[in-house]
Amino acid sequence: MWEEKVVIDGPYHFDLALERLAKDPLNKVDKDKRLIRVPIYKEEPEVADVHAVGTTDKPGFIIRGKSPHSKQQVMKKITSVFQWDLPLFEIHQHFTKTTLNNIFEKHFGTPIVLEFSLYPALIRPIIHQQVNMSFAISLTEQFAKTFGFEIEGVPFFPSPETVARLNVGELRNLRFSQRKAEYIINLSKMIVSGELKLSELAEKPDNEVIKELVRIRGIGPWTAQSFLLFGLGRKNLFPMADIGLQNAIKKLYLLDRKPTYEEMENYSKDWHPYLSYASFYLWRSIE
DNA sequence: AACCAGGGAAGAT
DNA sequence: ATCTTCCATGGT
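Here the structure is a predicted model, which means the values were calculated and not measured.

Where helix H5 (residues 118-128) meets helix H9 (residues 178-193), the axes come as close as 10 Å, and the angle between the chain directions of the two elements is 165°. With respect to each other, H5 and H9 are oriented roughly antiparallel. Considering only the axes of H5 and H9, their crossing is right-handed. Across from Tyr119, Leu122, Ile123, Ile126, Ile127 and His128 in H5, the residues of H9 making contact are Lys180, Tyr183, Ile184, Leu187, Ser188 and Ile191. Across the contact of H5 with H9, the residue classes tally to nine nonpolar, two polar and one charged.

Here you go:
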């Protein structure tokens with residue numbers, strides 16, 4: 001058992017981040033205690049606790065882990081997942097000059113918290129394709145709880161090896177569509193065989209990652225962009241196929257219909273190179 | 001009951 | 001290359 005305190009530059013509104021994370025039952029969040037229990041995916045999976053002790057302007061955290069042996073690794077993972085190394089001030093500064101000014105002020109300091117591991121970061125958007133949010137969240141929960149495992153009550157996604165051995169029927173029983181079941185099992189098989197190496201994607205530029213992922217059946221532009229945004233923490237993604245983004249823009253600009261791709265392209269011109277944050281805050285604006 | 005949902009593949013033009 | 005249709009299931 002070890003404990004470490006981290007102080008970072010503000011703004012960083014941890015409570016708003018927890019509020020969003022709490023919508024997913026797989027996340028073990030205690031908003032009153034300002035605490036989240038984090039699954040750490042590594043050789044020997046373990047759980048770490050992240051506990052906020054500071055304010056939005058002076059953010060501080062206490063991290064508690066199990067084995068001193070893996071402390072370095074866990075701290076590095078948590079720092080990157082919670083994006084503690086990215087100053088949000090500069091990003092807010094950028095958006096004050098744009099049409100997203102009000103939205104950014106309303107959700108001031110909300111960080112993008114990444115997926116806890118790359119494999120879930122790819123599986124989750126596939127599950128989320130085309131179905132409403134509550135059903136998607138329910139599917140994902142059943143998937144993780146049925147085929148994954150738990151440590152100290154914290155759910156972990158199954159490994160690619162486990163999923164690769166499933167048959168379509170086992171996922172159909174959880175109300176997955178035939179196609180989605182095929183997508184997920186085949187993708188897992190590709191990871192197991194080494195045909196797809198997620199950790200290597202992390203070294204490549206956005207456009208190459210998209211090019212490589214889109215060749216895989218079941219992964220289109222939206223899913224690849226989502227992986228880059230929430231899996232790799234890339235800063236400049238704007239998934240225009242996303243219904244939520246379309247609705248958020250419709251609301252922001254008071255349109256009587258969903259925007260065309262061309263309109264979205266035009267609106268987003270001032271938001272580079274932080275399109276991921278524009279996307280994220282637009283999603284927040286309709287939640 | 002009808003329409004929509006944090007898309008993508010397959011088929012048609 | 002770009003547009004249209006089908007997939008498939010639950011929520012509102």
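Following the structure, the description resumes.
For the rest of this paragraph, the subject is the nonpolar core. Within the largest apolar cluster, 86 residues are counted, with the highest numbers of intra-cluster contacts made by Val50, Phe82, Trp84, Phe143, Leu196, Leu213 and Tyr277. Residue contacts for Phe82: discarding those within four places in its chain leaves Tyr12, Phe14, Ile36, Val38, Val50, Pro111 and Val113.

Around DNA strand B lies a shell of 23 residues, among which Met133, Arg217, Gly218, Thr223 and Trp283 are the nearest. The sugar-phosphate portion of DNA strand B accounts for 59% of its atoms within 4 Å of the protein, the bases making up the rest. Separating a phosphate oxygen of DNA strand B from a backbone N or O atom of Gly218 is a distance of 2.8 Å. A distance of 3.2 Å is found between a phosphate oxygen of DNA strand B and a side-chain nitrogen or oxygen belonging to Asn247. Among the secondary structure elements, those contributing two or more residues to the surface near DNA strand B are H9, helix H12 (221-231) and helix H13 (243-252).

The rules behind the values
Residues numbered from 1 in each chain as written. Chains lettered and ligands numbered in written order. Predicted model: local features only at pLDDT ≥ 70, side-chain atom pairs only at ≥ 80, totals over all residues. Heavy atoms only, no water. Axes fitted to C-alpha atoms, helices over the stretch in contact; angles between N-to-C directions. Helix = DSSP H or I, 4+ residues; strand = E, 2+ residues; numbered from the N terminus. Parallel < 35°, antiparallel > 145°, perpendicular 65-115°, else oblique. Left-handed = near helix turned anticlockwise from the far one by under 90°. Contact = heavy atoms within 4.5 Å. Nonpolar A, V, L, I, M, F, W, Y, C, P; charged D, E, K, R; others polar. Core = buried A, V, L, I, M, F, W, Y, C linked by side-chain atoms within 4.5 Å. Buried < 20%, exposed > 50% of the residue type's maximum accessible area, 1.4 Å probe, protein only. Near = heavy atom within 4 Å. Polar contact = N/O pair within 3.5 Å; in protein donor to acceptor, adjacent residues only side chain to side chain.

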